[in-house]
Amino acid sequence: MAVKRYLMAPGPTPVPPEVLAAGAEPVLHHRGPDFRELMLRCLARLQEVCRTQNDVLLFTASGSGAFESAVVNLLSPGEPVLAVTAGEFGDRWAALAATYGADVHELRYAWGETPRPEDVRARLEETGAEVVFLVHSETSTGVVADVQALAQAAREAGALTVVDAVSSVGAVPLETDTWGLDVVVAGSQKALMTPPGLSLVVVSSRAWERAARTTTPRFYFDWARMRASLETGTTPFTPAVSVVVALDTALGLLLEEGLEAAFARHAALGRACREGAKAMGLELFSPDEERSAIVTAILAPTGVDARELVLALRGRFGITVAGGHGELAPRMFRIGHIGYYDVFDITTALAAVEFLLVETGADVERGTAVARALEAYREAVRV
Ligand SMILES: *Cc1c(COP(=O)(O)O)cnc(C)c1O
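Residues numbered from 1 in each chain as written. Predicted model: local features only at pLDDT ≥ 70, side-chain atom pairs only at ≥ 80, totals over all residues. Heavy atoms only, no water.

A. Seen up close, the overall build of the chain. A count of helical and extended segments in the chain gives 13 helices and 15 strands. Relative to the globule expectation of 21 Å for 383 residues, the C-alpha radius of gyration of the chain, 21 Å, shows essentially globular dimensions. Looking at the chain as a whole, 57% of its 383 residues qualify as buried. Of the roughly 15,100 Å² that the chain leaves accessible, carbon and sulfur atoms contribute 53%. Mean positive and mean negative side-chain charge positions of the chain (34 and 48 charges, respectively) differ by 3 Å. (Helix = DSSP H or I, 4+ residues; strand = E, 2+ residues; numbered from the N terminus. Rg over C-alpha atoms; globule rule 2.2 N^0.38 Å. Buried < 20%, exposed > 50% of the residue type's maximum accessible area, 1.4 Å probe, protein only. Areas by Shrake-Rupley, 256 points an atom, 1.4 Å probe, with all protein chains shown as cover. Lys, Arg positive; Asp, Glu negative; His and termini not counted. Charge placed at Lys NZ, Arg CZ, Asp CG, Glu CD.)

B. Fine view of unusual backbone geometry. Residue P12 is reached from G11 by a cis peptide bond, and omega for that bond is -5 degrees. Along the polypeptide, P12 turns up in the loop between strand 1 (6–7) and helix 1 (17–23). The backbone of M193 shows a phi angle near 60 degrees, a positive value even though the residue is not glycine. Note that M193 resides in the loop between strand 9 (183–187) and strand 10 (198–203).

C. Inspection of the site of the ligand at higher detail. With respect to spatial proximity, 13 residues lie near the ligand, and among them S62, S64, T139, D164 and K190 are the closest. At 3.5 Å from an oxygen atom of the ligand is found a side-chain nitrogen or oxygen belonging to R92. One of the side-chain N or O atoms of D164 is found 2.6 Å from a nitrogen atom in the ligand. Within the complex, the protein chains bury 87% of what would otherwise be the 390 Å² of accessible surface of the ligand. Within the residue set of the shell around the ligand, elements represented by two or more residues are helix 3 (63–74) and helix 4 (88–99). Broken down by element, the shell around the ligand gets its largest block of residues, three residues, from helix 4. When its residues are assigned to classes, the shell around the ligand shows three nonpolar, seven polar and three charged. (Near = heavy atom within 4 Å. Polar contact = N/O pair within 3.5 Å; in protein donor to acceptor, adjacent residues only side chain to side chain. Nonpolar A, V, L, I, M, F, W, Y, C, P; charged D, E, K, R; others polar.)

D. View of the sheet that holds strand 5 (residues 131–135). Strands sit in the order 2-10-9-8-5-3-4 across an open sheet of seven strands; the sheet is mixed. Only two strands of the sheet have a single neighbouring strand rather than two, namely strand 2 (55–60) and strand 4 (103–108). Each strand of the sheet is rotated relative to its neighbour by a mean of 20 degrees, with strand direction disregarded. Bridge count between strand 3 (residues 80–85) and strand 5: three bridges; the pairing is parallel. Directly across from V81, in strand 5, lies its bridge partner V131. Here helix 2 (residues 33–50) sits on the sheet and contacts strand 2 and strand 10; the angle it forms with strand 2, its principal contact strand, is near 115 degrees. (Pairing = 2+ DSSP bridges. Axes fitted to C-alpha atoms, helices over the stretch in contact; angles between N-to-C directions. Contact = heavy atoms within 4.5 Å.)

E. Representation of the packing of helix 10 (residues 259–279) against helix 13 (residues 369–382). Remark: helix 10 packs on helix 13, axes separated minimally by 7 Å, with the N-to-C direction vectors making an angle of 150 degrees. If you check the angle between helix 10 and helix 13, you find them roughly antiparallel. Regarding helix 10 and helix 13, the two cross each other, and that crossing is right-handed. Between helix 10 and helix 13, the contacting residues are A268, L269, R271, A272, E275, G276 and A279 on the first element and A369, R372, A373, A376, Y377, E379, A380 and V381 on the second. Grouping the constituent residues of the contact of helix 10 with helix 13 by class yields ten nonpolar, one polar and four charged. (Parallel < 35°, antiparallel > 145°, perpendicular 65-115°, else oblique. Left-handed = near helix turned anticlockwise from the far one by under 90°.)

F. Up close: the domain arrangement of the chain. We note that the domain assignment places domain 1 (17–256) and domain 2 (259–382) within the chain. Using only C-alpha atoms to locate each centre, domain 1 and domain 2 end up separated by 28 Å. Residue-level contacts link 28 residues of domain 1 with 22 residues of domain 2. Across the domain 1/domain 2 interface, buried area totals approximately 2,000 Å², and carbon plus sulfur atoms make up 67% of it. When the area that domain 1 buries against domain 2 is broken down by residue, the three leading residues are R51, V144 and A171, summing to 21%. (Domains from an automatic or database assignment. Buried area = accessible area lost by both parts, 1.4 Å probe.)

G. Examining the side chain of E275 more closely. The residue E275 is located in helix 10 in this model. Of the polar contacts made by the side chain of E275, one reaches the side chain of K278; its length is 3.0 Å. Residue contacts for E275: discarding those within four places in its chain leaves R372 and A376.

H. Structural view of the sheet that holds strand 15 (residues 332–336). Judged by pairing direction, the sheet is antiparallel, and its four strands sit side by side in the order 11-12-15-14 without closing on themselves. Each end of this open sheet is capped by a strand with a single partner; those strands are strand 11 (283–284) and strand 14 (322–323). For strand 11 and strand 12 (residues 295–299), the ladder comprises two bridges, and the chain directions are antiparallel. Counterpart to E283 in the pairing with strand 12 is L299.

I. How the structure looks around the pattern of salt bridges. Here the structure, examined in full by the defined rule, presents 26 salt bridges. A salt bridge links R51 to E175, with the shortest nitrogen-to-oxygen separation between them at 2.5 Å. With R51 in the loop between helix 2 and strand 2 and E175 in the loop between strand 8 (160–164) and strand 9, this residue pair connects regions lying 124 residues apart in the sequence. Among the ionic pairs, D288 bridges to K278, the shortest N-O distance being 2.5 Å. With a gap of ten residues between them, D288 in the loop between strand 11 and strand 12 and K278 in helix 10 connect regions that are remote in the sequence. Residue classification places D288 among the partly exposed positions, given a relative accessible area of 43%. Residue K278 is classed as partly exposed on the basis of its relative accessible area, which comes to 33%. Sharing partners across several salt bridges, the network here consists of R274, E275, K278, D288, R372, E375 and E379. (Salt bridge = Lys/Arg side-chain N within 4 Å of Asp/Glu carboxyl O.)

Written out as structure tokens, the structure is:
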């Protein structure tokens, strides 16, 4: 038999069959009336999912493309910006802004720490930065930040917030308008249950005002050009039309489930994964808290190389989990649980990890992880 494949990384994520089927329909022309209707509906659904009345722009690019659009539209060379970083993605946004000549200040934490609002306030006052980059869900560590509190601190200090919500939107609460987030960036390939290829940016009126004054050159990622086109239901350049069809279908599924129900499901999955891992005797790297519902980062037992575990999961069982970044690679692996995911995906991942660890003679509890994960899930869905 061909090896059955399980995608259990925090992006790209598994795609529901109806979304795959929608993406396989004959290609539409992006200047035609059928595409226009589809695009306008998709944008309205994205507003609903991001809980916003602000403009949503859709770019054919990965999440980093949308983030680059925020940098080129919001910053002029030499301007101070604050990047809050506690992992891979915070570091990426600092490097991206530096590439475009911004005067990048960092609020840097050790990987795995959770950023604090009082630090954001202090660093903004110190640096005079008018724009701050925040990461909602730092996928490299499993930490989900309290973006509401961070954004409030930024607003009090007079700064515009740019939030990386690539792995969080659709999985944990994100209230763009209520929390006063100026720019939110996301991608199609995480909790939105769609293949990679599209990224979105939500832009507030304050961000539009700033974008009108900035001098960084831009063309493909120019927000104003994109908005003018989207208002008529098309894009300035050929979009990934089949991914738009898929995304629209996936958003329909998500809204049918209901956002609150989706958030509750993700919280329950996160809890099941953490409890199962701990029952096996494994140590968590990601915080053992309700908010940490995107990806569970787990430390391999002493004497086990996490890179080998990740390779064996894939080679032996067709299970793709994520490894750790950088220095954490030998020690950490990450089980993603965003999007098209249920509790039996969690138990499959935990059972396979247990199987391999028992085989290597690692010191783990046998037969408890799956039972405890199911019990924790039952407790979570009951409340
Ligand atoms: C996946 C991800 C991104 C986007 O990365 P791309 O590969 O450019 O799509 C950005 N930020 C976070 C937190 C992510 O998880």
